[in-house]
Amino acid sequence: QVQLVESGGGLVQAGGSLRLSCAASGVTFSGYMMGWFRQAPGKERELVSSVSRGGSNTYYGNSVKGRFTISRDNAKNTVYLQMNSLKPEDTAVYYCAADSRTTLVGFLRPDYWGQGTQVTVSS
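Quick summary incoming for the structure in this document. For clarity, every value in this text was computed on a predicted model and none was experimentally measured. (Residues numbered from 1 in each chain as written. Predicted model: local features only at pLDDT ≥ 70, side-chain atom pairs only at ≥ 80, totals over all residues. Heavy atoms only, no water.)

## Points about the state of the cysteines
The line we're drawing: We call a pair of cysteine sulfur atoms a disulfide whenever their separation is within 2.5 Å. Comment: elements are numbered from the N terminus, with helices defined as DSSP H or I runs of at least four residues and strands as E runs of at least two. Buried residues are those whose accessible area, probed at 1.4 Å on protein chains only, stays under 20% of the maximum for their type, while exposed residues exceed 50% and partly exposed ones sit between those limits.
Counting across every chain of the model gives one disulfide. Each sulfur of the disulfide joining Cys22 and Cys96 lies 2.0 Å from the other. One disulfide, between Cys22 and Cys96, carries an S-S torsion of -80 degrees and so falls in the left-handed class. A residue pair is termed long-range when its members are at least 10 positions apart, and Cys22 in strand S3 (residues 18–25) and Cys96 in strand S9 (residues 92–99) qualify at 74 residues. The two residues Cys22 and Cys96 agree in class, both being buried.

## Digging into the sheet that holds S3
Quick note on the threshold: Strands pair, by our definition, only if DSSP identifies at least two bridges between them. Angular values range over 0 to 180 degrees, each being the angle between N-to-C directions of two axes fitted as lines to C-alpha atoms, with helices fitted over their stretch in contact.
Taking strand neighbours across the sheet as the criterion, the four strands line up as S1-S3-S8-S7 in an open arrangement whose pairing is antiparallel. At either margin of the open sheet sits one strand with a lone partner, and together these are strand S1 (3–7) and strand S7 (68–73). Each strand axis lies, on average, 15 degrees off the axis of its neighbour in the sheet, ignoring direction. Here six bridges tie S7 to strand S8 (residues 78–83), and the two strands are oriented antiparallel to one another. Bridge pairing in S8 links Phe68 to Met83.

## Examining the pairing of S7
Here S7 shows one buried face, formed by Phe68, Ile70 and Arg72, and one open face, formed by Thr69, Ser71 and Asp73. A loop of four residues connects S7 with S8, the two strands running antiparallel in sequence, and Asn77 in this loop sits at a positive phi of about 55 degrees.

## Comments concerning the environment of Arg53
Note the threshold: We call two residues in contact whenever any of their non-hydrogen atoms come within 4.5 Å of each other. Under the rule applied, a polar contact is a pair of N or O atoms within 3.5 Å (in protein, one hydrogen donor and one hydrogen acceptor; residues adjacent in sequence only if both atoms are side-chain atoms).
Structurally, Arg53 can be placed in the loop between strand S5 (46–51) and strand S6 (58–60). With 24 residues separating them in the primary sequence, Arg53 and Phe29 have C-alpha atoms 8.2 Å apart. Each residue touching Arg53, except ones within four places of it in the same chain, is listed here: Ser30, Gly31, Tyr32, Met33, Arg72, Asn74, Asp99, Ser100, Arg101, Thr102 and Thr103. A distance of 3.2 Å separates a polar atom in the side chain of Arg53 from the backbone oxygen of Ser100.

## A word on the pattern of salt bridges
Convention followed: For this analysis, a salt bridge means a side-chain nitrogen from Lys or Arg found within 4 Å of a carboxyl oxygen belonging to Asp or Glu.
Under the defined criterion, the tally for this structure stands at four salt bridges. For Asp90, the salt bridge identified is with Arg67, shortest N-O distance 2.7 Å. Within this pair, whereas Asp90 is found in the loop between S8 and S9, its partner Arg67 is found in the loop between S6 and S7, the two being separated by 23 residues in sequence. The same class applies to Asp90 as to Arg67, namely buried.

The values reported here are purely geometric and, on their own, carry no functional implication.
Structure, rendered in structure tokens:
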């Protein structure tokens, strides 16, 4: 059974930080490009960030460049999203995702999704 389990969401004040984690099981983790999507009420789901299989190449959406950092630890089957300088506009459910085929970090097409974790940023 393939599972992606997110953790680390919560309520923070604007300007604060959170680190999201996504632990994968049931897959050969290093064979997947990993990424984070988010979806706010009334908005479409958007790709926030993704990281290549070896961890050396990354993609960031324009709205989070310079504030968020994605990383992965293949030995722990875990991908992280460090979120700094959070803004109320970052409020959303954040989803971990895994892609077995994509070779370009900006074009994640997930095969698997996590259940989501809520991030709420107060003003």
